[in-house]
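Descriptive structure summary
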Amino acid sequence: MAFTLLGSRMYYLQISKTDEYTMLAEENRVNMRLIAPLRGRVVDRYGTVLASNRQNYRAVMISEQTPNPEETLDRLARIVEITPEVRKRIMRDIARAPRFMPVTVAENLTWEQFAQINVNQPDLAGLQPDVGETRYYPYSTELAHVVGYVTPVYQRDLDKDPDEPLLKLPGFRVGKSGIEQYYDDKLRGQAGASHVEVNAYGRVIRELSKNTGKPGKEIVLTLDMEVQKFACERLKDESASAVVMDIHTGEVISYVSTPAFDPNQFNTGYGVKAYKALLDNPYLPLTNKAIAGLYPPGSTFKGITSIAALKAGIDPKQTVRCTGKYAFGNHVFHCWKKEGHGSVNMHEAIKHSCDIYFYDLARRVGIDNIAAVAKDFGLGQTYDFEVQGEKEGIVPSRAWKEAARGEGWHQGETLISGIGQGFLLTSPLQLAVMTARIANGGMAVKPRLTRAIGGEMVQMPPAPMIDVDPEWLKIVQDGMNGVSNEPGGTAYRSRITEPGYELAGKTGSAQVRRITMAERDGGVRKNDTLEWRLRDHALFICFAPVAKPQYALSLVIEHGGSGSGAAAPAARDIMLKVLQRNVVREQAANEPAHDHSGHDHEEGLG
Amino acid sequence: MFDLTRFTGRDMKISEKLVEFNWGFLLLITAIASIGFAMLYSVADGSFSPWASRQMIRFAAGVGIMIFVAMIDIRFWMSVAYPLYGIALALVTAVDIVGFKGMGAQRWLDLGFIQLQPSEVMKVALLLALARYFHGLALEDVSRIRNLIVPLLMVVVPVGLVVEQPDLGTGILLTISGGTIFFAAGLAWRYFIISGLAVLGAIPIIWERLHDYQRNRVFTFLDPERDPLGAGYHILQSKIALGSGGLFGKGFMEGTQAQLNFLPEKQTDFIFTMLGEEMGFAGAMFLLFLYALTLTFAINVSLQCRNQFGRLLSLGIAVSFFFYVFINAAMVMGLLPVVGVPMPLVSYGGTAMLSLMFAFGLLMSCYIHRNVEVTRGSSAFS
């Protein structure tokens, strides 16, 4: 009877319930291991690699293979420096992990160190050389603010995306800035999986099946790395930013914010000292100045004031007499040229950057009309740009002041707004967009950095037209031509003389301090006598070639002194480089984009 | 007094005894033990070391002991029943005293040359002593209270010592074995009912005295999924192993649960699970069938014995053997809480194997000397 009981129980377990228990046994036995996909590369419009994956030479320790891990570390210390903190971390990891699990001991080894470890392996019991993948930015600082960087996974990232198994892989990196952040999901790819048989302690017995997953997509940017390198070199000693755009498509050819940082260092975590040096640097290397640096546009704004005036029906031929002073209410407004410009029409006012003329225009047009045009031309807004952290800036109006300050508008504020001072704040990217929209005849292009994703060209819907008469824009364009190419123009000295490459620009100097009455009487101090942080910001916007505009450029040198003296020459050099590269660019535009992802890294897996 | 020639020479010659020896029975238990060897070979990933080879040597030694014990007259065994019991009791007590200093379960006594598990010795000695005691009582005297005090003490004292070690499984087995002899001797039913009630009443007291791990086993038995990675792990993995074995099993040395170490204690307490996983329902049933044959034989011996001592002893051995098998099998199937009871002849273990073979020797002695007259009241040789 008792044996019948045993038999029937066995029947129940082994015959009736066998499917259920077989499945449970399989779950016990089979473990899925994720295989990290290869992160997609980032390349410029010609396929120059801007971000790729580099082999990371490292050493791992398998503690069950050494009688004494401490002794092995002592011996390793002769090849690689092991600080007491690192040693503590290693010993803690070893204590925590199962004895057969490899623990990372040293990473990012040089080839020499790696070779030495290989040669000395018999003496380094339990130590194994190993090759992993790590993100690599060959251009380092030159693209730090565009391509961005990746960092190890932090708790925040896990909280944001708790279901992504990849984040739990040791050594996995996530994009934290720039293109790396914007396209993180596309660059990341899909995890592969390897099904392995494990024993009760988790030791792998054998591999049952493997699926290598899908590498991340390659991102082709609109940048031209040759121009980028040149621009970075040209601005390397300044705290500056520059944006070069195609005026018809919005493609960003070059995007510079200097100084910058080394994105490679975020891979492993920036050193505390090095990071503190970045934080303490007055040139603010961590700030992405092209989108997050806000400056009064200064005289570069005069084009907008002009368009607003033309829209209001003001005759551009009509002249205003500049005596260097403009009395309004109980206040006297000054022109930058103390002795005055005499009688100037719109063309001459732009060319000479006469302040009095634009005070007068602004007064007649009114702030709200100016603000509307400024908004139409891209100021005071963000563009959903691929680089995160755009700032809106400020385009002041009566409503804005009421909302932001709770105060009424003063007429005097309209006057200084007319010359791009006062509440106005713009980013270099916005200034580039404004210039592009002036140069392209009023098409509301938006800046973009992406040309293709995973081999597919990014299609942009045609930009809408701004409600302006192209004739008005022509007047402003001519004025800017005068600035650069007519003797007496504020940037005449910084013109391009090569035929066919001529640019048309507008200088700007944004005051960062208040000039007192006493100082003005005694003569306004020259910028180069002031300490750096009190000097004016130097701005320059331009488009080229004049005959058939193709590119717009904006450039801001923080505390550079004056637009004509500091910004215009640098802008001229960069624009010339852009135009010289134009031939190459047009050839490439006719070829389909290639997906280069993974081609030279197939070996890297495993 | 213990002159062996007096018993072996007077009634039967050795050669006669060897003819009487039931070689079919030996073949039967060899078959069972061989299944154990195969499983131990498989556990070691296809190697005779460390378990299979040693188990085979022990079994061979056990067969020698069994034949030797079987050759000796049943009356001699009756005469040494009390002294043996005394020695076993002393050993069990010694373990408790020595073990007092040790940690956790102390069941082993290191005699210098052999690691002895005295509770295993006690299993045989208790059967002998009780059989001898009841042998001297007429059936109508068995149920008298004053006649029950001594045998009750003979059971309770070692059980108490063994449980104290702590070894609950052996304690239960000793109680059951003792109870069997009481039953076979013809103790009135009412005593079993009374003691059953007494046990129920004692449960709260026993519960108080149980170690945490023992209480956990009971909890786990009641709800194995309660703590699948902790206390419930053994029984859950065992059921998975059995269930995934199916009708014909995963094949010799192919049991993933056992080979990948998900199954705990697979060379000892859970060896039946491993058989079920690798050889399936068919293999497990075949082993149970062999056990049933063994039990049938032992009960037959008891029925054929013409003396009371042999009847009681062989029935005690038969029923104890049955409970070993039943408790172990029921445990791994999740029908009983996990108690440390090995599968006889199959599980790896030295003392258990030798004491079982000794008991089978006694059983065979009972069988060979089944027609020997043994006077009631006192031993013929005392």
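Please read these numbers as outputs of a predicted model, since none were measured by experiment. (Residues numbered from 1 in each chain as written. Chains lettered and ligands numbered in written order. Predicted model: local features only at pLDDT ≥ 70, side-chain atom pairs only at ≥ 80, totals over all residues.)

1. Details of the overall build of chain B
Applied cut-off: Here a helix means four or more residues in a row that DSSP labels H or I, a strand means two or more in a row labelled E, and each is numbered from the N terminus. Burial in this document is a count-based property: other C-beta atoms within 10 Å of a residue's C-beta are tallied, and the residue is buried at 20 or more, exposed at 12 or fewer, or partly exposed in between, with C-beta positions derived from the backbone. In this description, a residue-residue contact is defined by the distance between C-beta atoms placed from the backbone, which must lie within 7 Å.
Each helix and strand counted, chain B has 17 helices and two strands in total. In chain B, which comprises 382 residues, the share counted as buried stands at 48%. Across chain B, contacts joining residues at least 24 apart in sequence account for 73% of those joining residues at least 6 apart.

2. Describing the overall build of chain A
On a plain count of helices and strands, chain A comes out with 22 helices and 21 strands. In chain A, which comprises 606 residues, the proportion classed as buried is 45%. A fraction of 75% describes how many contacts in chain A between residues 6 or more apart in sequence connect residues 24 or more apart.

3. As for the sheet that holds strand S12 (residues 252-258) of chain A
Residues and elements named next belong to chain A. Filter applied, for reference: Here a strand pair is declared whenever DSSP counts at least two bridges between the two strands. The axes are straight lines fitted to the C-alpha atoms, using for helices just the contacting stretch, and the angles between their N-to-C directions are given from 0 to 180°.
Sheet architecture is open: five strands sit in the order S12-S11-S21-S20-S19, paired in antiparallel fashion. Looking at the sheet topology across the chains shown, the edges are occupied by S12 and strand S19 (504-510). Each strand of the sheet is rotated relative to its neighbour by a mean of 10°, with strand direction disregarded. Across six bridges, the pairing between strand S11 (residues 240-246) and S12 is antiparallel. Across the sheet, residue Ala242 finds its bridge partner in S12, namely Val256. Against the sheet, helix H21 (residues 563-580) touches S11, S12, S19, strand S20 (537-544) and strand S21 (551-557), its axis set at about 35° to S20.

4. Brief notes about the interface of chain A and chain B
Rule in force here: Gly falls in the polar group here, along with every residue not listed as nonpolar (Ala, Val, Leu, Ile, Met, Phe, Trp, Tyr, Cys, Pro) or charged (Asp, Glu, Lys, Arg).
Between chain A and chain B, the contact holds 23 residues from the first and 26 residues from the second. In terms of residues, the side of chain A that touches chain B owes the most to one element, helix H1 (residues 2-16) of chain A, which gives 10 residues. Of the residues belonging to the side of chain A that touches chain B, the class tally is 13 nonpolar, six polar and four charged.

5. Examining helix H3 (residues 69-76) of chain A
Residue and element names in this part refer to chain A. For clarity, the threshold we go by: Note: the arc covers the axis-to-C-beta directions of the helix.
Buried within H3 we find Pro69, Thr72, Leu73 and Leu76. Down the axis of H3, the sector holding all buried residues measures 100°, keeping them to one side. Facing away from the buried side of H3 by over 90 degrees, the exposed positions are Glu70 and Asp74. Considering only its buried residues, H3 is in contact with strand S3 (49-62), helix H4 (84-96), strand S4 (102-106) and strand S5 (127-136).

6. Some remarks on the nonpolar core
Our working rule: The nonpolar core is taken to be a set of buried Ala, Val, Leu, Ile, Met, Phe, Trp, Tyr and Cys residues joined by way of C-beta atoms within 7 Å. Segmentation of the chain into domains, including their bounds, is taken from an automatic or database domain assignment.
Counting residues in hydrophobic clusters, the biggest one holds 121 residues, and the most contacted among them are Val244, Tyr551, Leu553, Ala567 and Met575 of chain A. The element contributing the most residues to this core is H21 of chain A, with nine residues. If you count residues domain by domain, this core takes at least three from each of domain 1 (30-54 + 131-221) and domain 3 (225-571) of chain A. Excluding residues within four positions of it along the chain, Met575 of chain A makes contact with Ile496, Leu503, Cys542, Ala544, Tyr551 and Leu553 of chain A. Core analysis: the next-biggest nonpolar cluster, separate from the first, contains 114 residues, Val92, Ala125, Leu161 and Leu236 of chain B among them.

7. Let's talk about the pairing of S19 of chain A
The two faces of the sheet receive side chains in turn, since in a regular strand these alternate between them. The buried fraction of S19 of chain A amounts to seven of the seven residues, a majority that puts the element mostly inside the structure. Here S19 of chain A shows a buried face lined by Ala504, Lys506, Gly508 and Ala510 of chain A and a second buried face lined by Gly505, Thr507 and Ser509 of chain A.

8. Description of the packing of helix H12 (residues 302-311) of chain A against helix H19 (residues 470-485) of chain A
Any two packed helices are characterised by how steeply their axes cross, that is the angle between the axes, and by the distance between the axes. All names here are of chain A. As a reminder, the rule being used: Each crossing gets its hand from how the near helix is turned against the far one by less than a right angle, where anticlockwise is left-handed and clockwise is right-handed.
Orientation of H12 relative to H19, taken along the N-to-C sense of each, is 145°, at an axis distance of 10 Å. The chirality of how H12 crosses H19 is right-handed. Counting all contacts with H12, which are made through Gly303, Ser306, Ile307, Leu310 and Lys311, the residues of H19 involved are Trp472, Ile475 and Val476. The residue makeup of the contact of H12 with H19, split by class, is five nonpolar, two polar and one charged.

9. Examining the environment of Ile240 of chain B
You can see Ile240 of chain B is positioned in helix H13 (residues 233-245). Separated by 37 residues in the primary sequence, Ile240 of chain B and Glu277 of chain B have C-alpha atoms spaced 8.8 Å apart. When near neighbours in sequence (up to four residues on either side) are disregarded, Ile240 of chain B contacts Tyr21, Leu24, Ala25 and Asn28 of chain A together with Gln257 of chain B.

10. Overview of the environment of Phe377 of chain A
All names here are of chain A. Mapped onto the secondary structure, Phe377 falls in the loop between helix H15 (367-376) and helix H16 (398-405). Owing to 27 C-beta atoms within 10 Å, Phe377 belongs among the buried residues under this scheme. A sequence separation of 61 residues divides Phe377 from Ile438, and the C-alpha atoms of the two residues are 7.6 Å apart.

11. Remarks on the sheet that holds strand S9 (residues 204-211) of chain A
Residue and element names in this part refer to chain A. If you walk across this open sheet you meet the three strands as S1-S8-S9, and the pairing is antiparallel. If you trace the sheet from one side to the other, it starts and ends with strand S1 (30-35) and S9, each paired once. The average angle at which neighbouring strand axes cross in this sheet is 30°, direction not considered. Direction of pairing for strand S8 (residues 192-198) relative to S9: antiparallel, over a ladder of six bridges. Within the sheet, the bridge partner assigned to His195 lies in S9 and is Ser209.

12. Some words on unusual backbone geometry
In this model, Thr258 of chain A is joined to Pro259 of chain A through a cis peptide bond whose omega is -10°. A cis amide bond links Ser49 of chain B to the next residue, Pro50 of chain B, at an omega of 5°. Summarising the element assignment, Pro50 of chain B is placed in the loop between helix H3 (23-43) and helix H4 (52-71). Its identity is not glycine, yet Asn108 of chain A carries a phi of approximately 50°, on the positive side. Assignment of secondary structure puts Asn108 of chain A in the loop between S4 and helix H5 (111-119).

13. Focus: H16 of chain A
The element H16 of chain A is barely covered by neighbouring structure, given that only zero of its eight residues are classed as buried. Just beyond H16 of chain A, the residue with positive phi is Gly406 of chain A, at close to 70°.

14. Here's the deal with the confidence of the model for chain A
Residues and elements named next belong to chain A. Worth spelling out the cut-off: For every residue, the predictor reports its confidence as pLDDT, a number between 0 and 100.
Looking at chain A as a whole, its pLDDT mean stands at 87, while 94% of the residues score no less than 70. Per-element confidence in chain A is highest for helix H18 (residues 428-439), whose mean pLDDT is 97, and lowest for helix H20 (residues 517-522), whose mean pLDDT is 64. Of the regions scoring below 50 in pLDDT, residues 593-606 engages in 30 contacts with residues more than four places distant in sequence or in other chains.

15. Observations regarding the environment of Gln228 of chain A
All names here are of chain A. Mapped onto the elements of the fold, Gln228 is located in helix H9 (residues 225-234). Classification of Gln228 as buried rests on a count of 27 C-beta atoms within 10 Å. With 15 residues separating them along the chain, Gln228 and Val243 place their C-alpha atoms 9.7 Å apart. Filtering out sequence-adjacent residues up to four positions away, Gln228 remains in contact with Glu142, Leu223, Ser254 and Val256.

16. Quick word on the confidence of the model for chain B
Residues and elements named next belong to chain B. For chain B, the mean per-residue pLDDT works out to 82, and 87% of the residues sit at or above 70. Across chain B, element-level confidence peaks in H3 with a mean pLDDT of 92 and bottoms out in helix H1 (residues 4-10) with 46. pLDDT under 50 marks residues 100-104. Its contacts with residues more than four places away, or in other chains, come to zero contacts. Low confidence marks residues 377-382, where pLDDT is under 50. Its contacts with residues over four positions away, or in another chain, come to 11 contacts. For this predicted complex, the interface confidence comes out at an ipTM of 0.73, alongside a pTM of 0.66.

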